[in-house]
Amino acid sequence: MDKKSKMQAEKHLTGTLVLSVFTAVLGFFQYGYSLGVINAPQKVIEAHYGRVLGIIPPDTHATNGSGEDGTVPVPGTEPWGSTEATSVPLADTSEDSASSPHILTMYWSLSVSVFAIGGMISSFTVGWIGDRLGRVKAMLVVNVLSIAGNLLMGLAKFGPSHMLIIAGRAVTGLYCGLSSGLVPMYVSEVSPTALRGALGTLHQLAIVTGILISQVLGLDFLLGNDEMWPLLLGLSGVAALLQFFLLLLCPESPRYLYIKLGKVEEAKKSLKRLRGNCDPMKEIAEMEKEKQEAASEKKVSIRQLFTSSKYKQAVIVALMVQISQQFSGINAIFYYSTNIFERAGVDQPVYATIGVGVVNTVFTVISVFLVEKAGRRSLFLAGLMGMLISAVAMTVGLVLLSQFAWMSYVSMVAIFLFVIFFEVGPGPIPWFIVAELFSQGPRPAAIAVAGFCNWACNFIVGMCFQYIADLCGSYVFVIFAALLLAFFLFAYFKVPETKGKSFEEIAAVFRRKKLPAKAMTELEDLRGSTEA
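Anyway, here's the lowdown on the structure attached to this text.

About the thresholds
- Residues numbered from 1 in each chain as written.
- Predicted model: local features only at pLDDT ≥ 70, side-chain atom pairs only at ≥ 80, totals over all residues.
- Heavy atoms only, no water.
- Helix = DSSP H or I, 4+ residues; strand = E, 2+ residues; numbered from the N terminus.
- Buried < 20%, exposed > 50% of the residue type's maximum accessible area, 1.4 Å probe, protein only.
- Contact = heavy atoms within 4.5 Å.
- Areas by Shrake-Rupley, 256 points an atom, 1.4 Å probe, with all protein chains shown as cover.
- Patch = residues over 30% accessible without salt bridge, like charges linked within 9 Å, V, L, I, M, F, W, Y side chains within 5 Å.
- Salt bridge = Lys/Arg side-chain N within 4 Å of Asp/Glu carboxyl O.
- Axes fitted to C-alpha atoms, helices over the stretch in contact; angles between N-to-C directions.
- Parallel < 35°, antiparallel > 145°, perpendicular 65-115°, else oblique.
- Left-handed = near helix turned anticlockwise from the far one by under 90°.
- Nonpolar A, V, L, I, M, F, W, Y, C, P; charged D, E, K, R; others polar.
- Phe/Tyr/Trp six-rings, centres within 6.5 Å; stacked < 30°, edge-to-face > 60°.
- Lys NZ or Arg CZ within 6 Å of the ring centre and 35° of its normal.
- Core = buried A, V, L, I, M, F, W, Y, C linked by side-chain atoms within 4.5 Å.
- Disulfide = S-S within 2.5 Å.

1. Details of the overall build of the chain
Link 1 in the chain: Helices and strands together make up the secondary structure of the chain, namely 25 helices and zero strands.
Link 2 in the chain: The 532 residues of the chain split such that 60% are buried.
Link 3 in the chain: If you take every contact in the chain between residues at least 6 apart in sequence, the share linking residues at least 24 apart comes to 80%.
Link 4 in the chain: Carbon and sulfur atoms provide 67% of the accessible area of the chain, an area that totals close to 20800 Å².

2. A word on a nonpolar patch on the surface
Link 1 in the chain: Residues Leu-241, Phe-244, Phe-245, Leu-248 and Leu-249 make up a contiguous nonpolar surface patch of about 500 Å² in total accessible area.
Link 2 in the chain: Here Phe-244 shows up in helix 11 (residues 237–247).

3. Description of the packing of helix 6 (residues 135–154) against helix 7 (residues 161–190)
Link 1 in the chain: Interhelical geometry of helix 6 versus helix 7 gives an angle of 160 degrees and a closest axis separation of 8 Å. By the angle between their axes, helix 6 is roughly antiparallel relative to helix 7. In this structure, helix 6 meets helix 7 at a crossing whose hand is left-handed.
Link 2 in the chain: Of the residues belonging to the contact of helix 6 with helix 7, the class tally is 19 nonpolar, six polar and three charged.

4. Re helix 11
Link 1 in the chain: Of the positions making up helix 11, those classed as buried are Gly-237, Ala-239, Ala-240, Gln-243, Leu-246 and Leu-247.
Link 2 in the chain: Looking at the buried side of helix 11, the elements it contacts are helix 2 (15–37), helix 6, helix 7 and helix 10 (229–234).

5. A closer look at helix 3 (residues 42–52)
Link 1 in the chain: Of all 11 residues in helix 3, 10 are buried; the element is thus mostly enclosed.
Link 2 in the chain: Buried within helix 3 are the following residues: Gln-42, Lys-43, Val-44, Ile-45, Glu-46, Ala-47, His-48, Tyr-49, Gly-50 and Arg-51.
Link 3 in the chain: Downstream of helix 3 by one or two residues, Gly-54 has phi in the positive range, about 80 degrees.

6. Observations concerning the packing of helix 2 against helix 9 (residues 202–217)
Link 1 in the chain: Between helix 2 and helix 9, the least distance of the axes is 6 Å, while the angle of their chain directions is 45 degrees. With respect to each other, helix 2 and helix 9 are oriented oblique. Considering only the axes of helix 2 and helix 9, their crossing is right-handed. When helix 2 is examined against helix 9, the residues Val-21, Val-25, Phe-28, Phe-29, Tyr-31, Gly-32, Tyr-33, Leu-35, Gly-36 and Val-37 are found in contact with a partner set consisting of Leu-202, His-203, Ala-206, Ile-207, Thr-209, Gly-210, Ile-211, Ile-213, Ser-214, Gln-215 and Leu-217.

7. Observations regarding the pattern of salt bridges
Link 1 in the chain: The final tally for this structure, using the stated rule, is six salt bridges.
Link 2 in the chain: Of the charged contacts, one joins Asp-131 and Lys-260 as a salt bridge, the two residues approaching to 3.7 Å between their closest N and O atoms. One end of the pair, Asp-131, is in helix 5 (residues 126–133); the other, Lys-260, is in helix 12 (residues 254–260), and 129 residues separate them in sequence.
Link 3 in the chain: With a shortest N-O distance of 3.9 Å, Lys-268 and Glu-265 are connected by a salt bridge. On the criterion of helical spacing, the pair formed by Lys-268 and Glu-265 is a turn pair, its members being three residues apart in helix 13 (residues 264–275).
Link 4 in the chain: Several salt bridges converge on common partners, so that one network encompasses Asp-131, Arg-135, Glu-189 and Lys-260.

8. Brief notes about the packing of aromatic side chains
Within a pair of aromatic rings, the relevant descriptors are the distance that separates the centres and the angle that separates the planes.
Link 1 in the chain: Evaluation of the coordinates by the stated rule reveals 10 aromatic pairs.
Link 2 in the chain: Each ring, one from Tyr-31 and one from Trp-455, has its centre 5.1 Å from the other, and the planes form 65 degrees; the classification is edge-to-face. Highlighted residues: Tyr-31 in helix 2 and Trp-455 in helix 22 (residues 443–472), separated in sequence by 424 residues.
Link 3 in the chain: Judged by relative accessible area, which is 1%, Trp-455 ranks as buried.
Link 4 in the chain: A centroid spacing of 5.0 Å and a plane angle of 90 degrees characterise the contact between Tyr-492 and Phe-493, whose relative ring orientation is edge-to-face.
Link 5 in the chain: Ring pairs connect the aromatic residues Phe-28, Tyr-31, Phe-115 and Trp-455, which therefore count as one cluster.
Link 6 in the chain: Seen from the ring of Tyr-258, Lys-291 lies directly overhead, with NZ or CZ sitting 5.3 Å from the centre.
Link 7 in the chain: The ring of Tyr-492 has Arg-377 lying over it, and the distance from NZ or CZ to the ring centre is 5.5 Å.

9. Some points on the nonpolar core
Link 1 in the chain: Tyr-31, Leu-305, Val-434 and Phe-438 are the most contacted members of the largest nonpolar core, which has 103 residues in total.
Link 2 in the chain: Among the elements that take part in this core, helix 22 stands out by supplying 12 residues, more than any other.

10. A word on the environment of Ile-117
Link 1 in the chain: Here Ile-117 is to be found in helix 4 (residues 100–123).
Link 2 in the chain: Ile-117 gets classed as partly exposed once you look at its relative accessible area, which sits at 27%.
Link 3 in the chain: Between the alpha carbons of Ile-117 and Ala-456 there is a distance of 7.3 Å; along the sequence they are 339 residues apart.

11. Structural notes on the state of the cysteines
Think of a disulfide as a covalent bridge from one cysteine sulfur atom to another cysteine sulfur atom.
Link 1 in the chain: Within the structure shown, the criterion is met by zero disulfides.
Link 2 in the chain: Cysteine Cys-457 is unpaired, with the sulfur of Cys-453 as its nearest cysteine sulfur at 4.3 Å.
Link 3 in the chain: Classification of Cys-457 as buried rests on a relative accessible area of 6%.

This is a description of form; function is not addressed.
Written out as structure tokens, the structure reads:
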């Protein structure tokens, strides 16, 4: 960011803008908390499932640590490739008991992945509810789902816990699916162009902060024990209540007011609240141009988004950046990091998992400053290549661990580097680049489709990773390495640079018949011609 742009950004950074963005990204904090909270207390909750289902004797307990207090792992939680028989006695010795580890694995995988099913279902309604109620009112209404889902999980011990947890995570997923579309839509529309990238990365910062807090609270001596785990699962309802009341203080998106509702004076008032004493007419003029463009396009449905050649290239890019984020392997780390560290020979894997969360958070903060300086495309490419190298190193470390004990350190370093490179680009950028690729007309439909794609990939990883890990053992990250290579090549040839560009400048690239190999150069040429 040059000196002029920096001064302009500081001028536009008002208290109301900070409050509005902070309040909105609380939805992503809840998303991150829901991602991470299910990881640390895995053994405790599985043991409870086993007792409720009659698989494990009622007096058997488990902890999140390594069993130093005399407790032992429950069936189905052995590290990958382990051939040791479980030391927990089953409730019966019939033939059905042989399938008990598989029953627990099924319920646990469903508890993890049903969260993404809720997200998939609700993501398609993002555009409708956002346009019907407005961005702020929509975020207010959907908080009801978050509160309801967290109540179900918080009260899990008062009923069939496995069913209440699955239902609660499904309802929470419905909320997060809506929120993950509404929040980037709102933040991109209230942010000035000079700050759009930096404020857009706050989505990912909120996610990793939620993950970190859930991991810390999930420690056995805090809330991750047999007495307190329902409170741990339902605690993000507090963030939902906070967001609900803070949203009452936030202005509606000026772009929504001007372009969708035609309320010029209200849009000007909203802009003045968000920008301070700055003259709003320049942004109003940009909105007017965008409104005319949207009017000529008419309303864009999801079907038209796929059938119109006008949007074809932009849709492909939007979907691929979402697929890249989820199939990169990062959710395998988030969901099963404790298990991965066990496989790497770490004595206290829960603390190593928290270390991942700390690194995750620190480098997300760094990415806030990098994204406007280095650009979206370059950071996205650098992140993918770094993750690819880390995945290969992780595989080498896990494969050779039985021969060389020091390989456990290689695996651990590789995991941390994997997370660092993810937060450099593939983590934060997909959340806001979709909103940058489309103008007001197709934006809600595009965000809905991209959100569904993201959640669908999230579900596939959450549901299948444990089975694939059991099948592939130490070679599981070879699959992600191959995918990362494919994503890198696609991004190199197809993903454009969007740093500092208006929505119209970005949209103009996709009006051409083909997206050139060096889209970044083309955008610079486009910018030069418009300035001339």
